[in-house]
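Residue-level structural notes
If you want the building blocks of each chain, they are given just below.
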Amino acid sequence: MRKLYRKLVLMRNPLTSVRKNVNSHSGRMFSDRKWIVPFLASLLVSITLFFSAIFGLFNVPYGGDPLPFDIISFARAEDSSGYFVESDLKKSFNTSGYSNLEAPRLAYLISGTEGDSHRMMRTLQAVYHPRNQYVLRLDLEAPPRERLELTNMVKSDTTFREVENVRVMAQSNLVTCKGPTMIACTLQAIAVLLKESLEWDWFLNLSASDYPLVTQDGSAWVALTRTCVEYCIWGWDNLLRTILMYYTNFISSPEGYFHTVICNTDEFRSTAISHDLHYIAWDTPPKQHPISLSMKDFDKMVKSKAPFAWKFHKNDSVLDKIDKELLGHTSRFAPGAWCIGSSEGGADPCSLRGDDSVFRPREAARTPKDATI
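The present account deals with the structure reproduced in this document. The shown structure was predicted, so the numbers you read here are calculated from the model rather than taken from an experiment.

With that settled, consider the overall build of the protein chain. Tallying secondary structure elements over the protein chain gives 14 helices and eight strands in all. Counting only residues that meet the buried cut, the protein chain has 45% of its 373 residues in that class. Accessible area of the protein chain: about 20,600 Å², with a carbon and sulfur share of 58%.

So this is what it looks like as structure tokens:
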């Protein structure tokens, strides 16, 4: 009788058992949501890069018309391979890009967080050269007033206004040591540099606690060729997306992302060198973070022949020693041959700008050249 009763109930409401089964299956389906975080993080990175490339999510501190967005030519109907950056990449390796022996131009990303605006300006002035391009980025921890202050410092500099090669990103993003946020911000800055300027050869990223040991007349965390970063931004190879997804779950993912891309791409594998162009001092045994450099580390920094050092406390006295003895930095910028003004009476020699294709390395800045290529 009980069995007959259950059958009659099901006949009256046949959807009851179906709902139970659906609910049980859906519960199992959505109980394991570990895939959601990597998926959403990768989606965020892709959307950020897309809008950065199309709209340029930054503010241009100078007037004037924007440069044409013409990095890769897409108007080759007669050759379907011309629609992809890989074809341009192979052509660039088949031709000698440095046959004219012109000195390379550098593109810098200088990043900081809350309280770093003045440190970023000091680093900028120490590595500044009219031939180079610069992007300054403060993360989401920095308040809007500090970002505005940094923008105003750039706008008020007469050299920056004349040359128009320094930009402050208006958009702020959350940056943490976990996941792909640092990679996303670096790729976004690269997209800005590619959109804004056609005249640079190498990309270098610095933090506010980095400082140069050589003048610009002479890796950062990475030193990448323009061809390589164009491939990272424009390449349609699925390897790039796969590696980005892979590093979504890593701590300090920038320490491996670009390196993995280079070592797994035939065109770039032979160009990698095992040197990050930094002098860094570690505890013994090494801990997670290096020790802060001070006056006692000065001789070791010079002997290292590295063009940069990391990391320094804010306004440490050793920075003044580097300015004086290595960079000759006594005014706004570390002066190069492009500074042709008088320095008498404490005047700024860089207030008068000469030919920026002429170089005059300082004696103290010549030794680190062996660490660069």
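As a further point, take empty space enclosed by the protein. Of the volumes computed, that of the largest cavity is approximately 80 Å³. Contributing to the lining of the largest cavity are Arg 119, Arg 122, Thr 123, Ala 208, Ser 209, Asp 210, Tyr 211, Phe 312, His 313, Lys 314, Asn 315 and Leu 319. Going through the elements one at a time, α5 (117-127) and β5 (210-212) are the ones with two or more residues in the lining of the largest cavity. If you tally residues by element for the lining of the largest cavity, the top one is α5, at three residues. For the lining of the largest cavity, the class distribution of residues is four nonpolar, four polar and four charged.

So, on to helix α10 (residues 238-247). Among the residues of α10, those classed as buried are Leu 240, Ile 243, Leu 244 and Tyr 247. Take α10 and look down its axis: the buried residues cluster within an arc of 100 degrees, on one side only. The exposed residues of α10 that point more than 90 degrees off its buried face are Asn 238 and Tyr 246.

What follows deals with the sheet that holds strand β4 (residues 202-207). Reading across the sheet, the five strands line up as β3-β2-β1-β4-β6 and stay open at both edges, with mixed pairing between neighbours. Only two strands of the sheet have a single neighbouring strand rather than two, namely β3 (166-168) and β6 (223-225). Neighbouring strand axes in the sheet, compared pairwise and without regard to direction, differ in orientation by 20 degrees on average. Both strand β1 (residues 106-112) and β4 contribute to a ladder of six bridges, which runs parallel. Paired with Ile 110 across the strands is Leu 206, a residue of β4. Running over the sheet, α5 touches β1, β2 (133-138), β3 and β4 and is turned about 165 degrees from β1.

A few words now on unusual backbone geometry. Cis geometry marks the peptide bond from Trp 310 to Lys 311; its omega dihedral reads 5 degrees. By secondary structure assignment, the location of Lys 311 is in the loop between β8 (308-310) and α14 (317-327). One non-glycine residue, Asn 315, lies in positive phi territory at about 55 degrees. Here Asn 315 lies in the loop between β8 and α14. Looking at Asn 315, the relative accessible area reads 55%, which means it is exposed.

To continue, consider the nonpolar core. In this structure, Leu 187, Ile 190, Phe 203 and Tyr 257 are the most contacted members of the largest nonpolar core, which totals 29 residues. When residues of this core are traced back to their parent elements, those giving at least two are β1, α8 (181-196), α9 (226-234), α10 and α11 (257-263). Formed by 27 residues, the second largest nonpolar core is a distinct cluster that contains Val 127, Leu 150, Val 166 and Val 168.

Next up on the list: the environment of Asp 237. Position of Asp 237 relative to the elements: it lies in the loop between α9 and α10. Residue Asp 237 is classed as partly exposed on the basis of its relative accessible area, which comes to 32%. Taking the C-alpha atoms as reference points, Asp 237 and Thr 265, 28 residues apart in sequence, are found 10.0 Å from one another.

Moving on: the state of the cysteines. According to the stated counting rule, one finds one disulfide in the structure shown. Just so you know, Cys 228 is unpaired, no disulfide at all, and the nearest cysteine sulfur is the one on Cys 232, 4.5 Å from it.

With that settled, the discussion passes to the pairing of β4. Both faces of the sheet carry side chains from a regular strand, because those side chains alternate between them. The buried fraction of β4 is high, at six of six residues. Covered by surrounding structure in β4 are Trp 202, Leu 204 and Leu 206 together with Phe 203, Asn 205 and Ser 207, the residues of both alternating faces. Two strands pair when backbone bridges link them, and β4 and β6 are joined in this way by three bridges, in the antiparallel orientation. For Trp 202, the partnering residue across the bridge sits in β6 and is Thr 225.

Here His 129 is to be found in the loop between α5 and β2. Note: C-alpha distance between His 129 and Gln 216 (87 residues apart in sequence) is 6.4 Å.

With respect to the helices and strands, the residue His 329 is situated in the segment after α14. The contact partners of His 329, leaving out residues within four places of it in the chain, are Gln 125, Ala 126, Tyr 211, Asp 323, Ala 334 and Pro 335.

Take His 329: its relative accessible area is 10%, and that puts it in the buried class. A polar contact is formed between the side chain of His 329 and the backbone oxygen of Arg 332, at a distance of 2.9 Å.

We now examine the pairing of β1. Across the seven residues of β1, seven count as buried, placing the element largely inside the fold. Here β1 shows two buried faces, one formed by Leu 106, Tyr 108, Ile 110 and Gly 112 and the other by Ala 107, Leu 109 and Ser 111. Examined bridge by bridge, β1 and β2 share six bridges and lie parallel to one another. Across the sheet, the residue bridging to Ala 107 is Gln 133, located in β2. Each parallel crossover has a hand, and the one from β1 via α5 to β2 is right-handed.

Rules behind the numbers
- Residues numbered from 1 in each chain as written.
- Predicted model: local features only at pLDDT ≥ 70, side-chain atom pairs only at ≥ 80, totals over all residues.
- Heavy atoms only, no water.
- Helix = DSSP H or I, 4+ residues; strand = E, 2+ residues; numbered from the N terminus.
- Buried < 20%, exposed > 50% of the residue type's maximum accessible area, 1.4 Å probe, protein only.
- Areas by Shrake-Rupley, 256 points an atom, 1.4 Å probe, with all protein chains shown as cover.
- 1 Å grid on protein atoms, 1.4 Å probe; cavity = no way out; pocket = protein on both sides within 12 Å on 5 of 7 lines; lining within 4 Å.
- Points joined across faces, edges and corners; volume = space filled by probe spheres on them.
- Nonpolar A, V, L, I, M, F, W, Y, C, P; charged D, E, K, R; others polar.
- Arc of directions from axis to C-beta.
- Pairing = 2+ DSSP bridges.
- Axes fitted to C-alpha atoms, helices over the stretch in contact; angles between N-to-C directions.
- Contact = heavy atoms within 4.5 Å.
- Core = buried A, V, L, I, M, F, W, Y, C linked by side-chain atoms within 4.5 Å.
- Disulfide = S-S within 2.5 Å.
- Polar contact = N/O pair within 3.5 Å; in protein donor to acceptor, adjacent residues only side chain to side chain.
- Right-handed = clockwise from strand over helix to strand, strands pointing away.

By themselves, these figures tell us nothing about what the structure is for.
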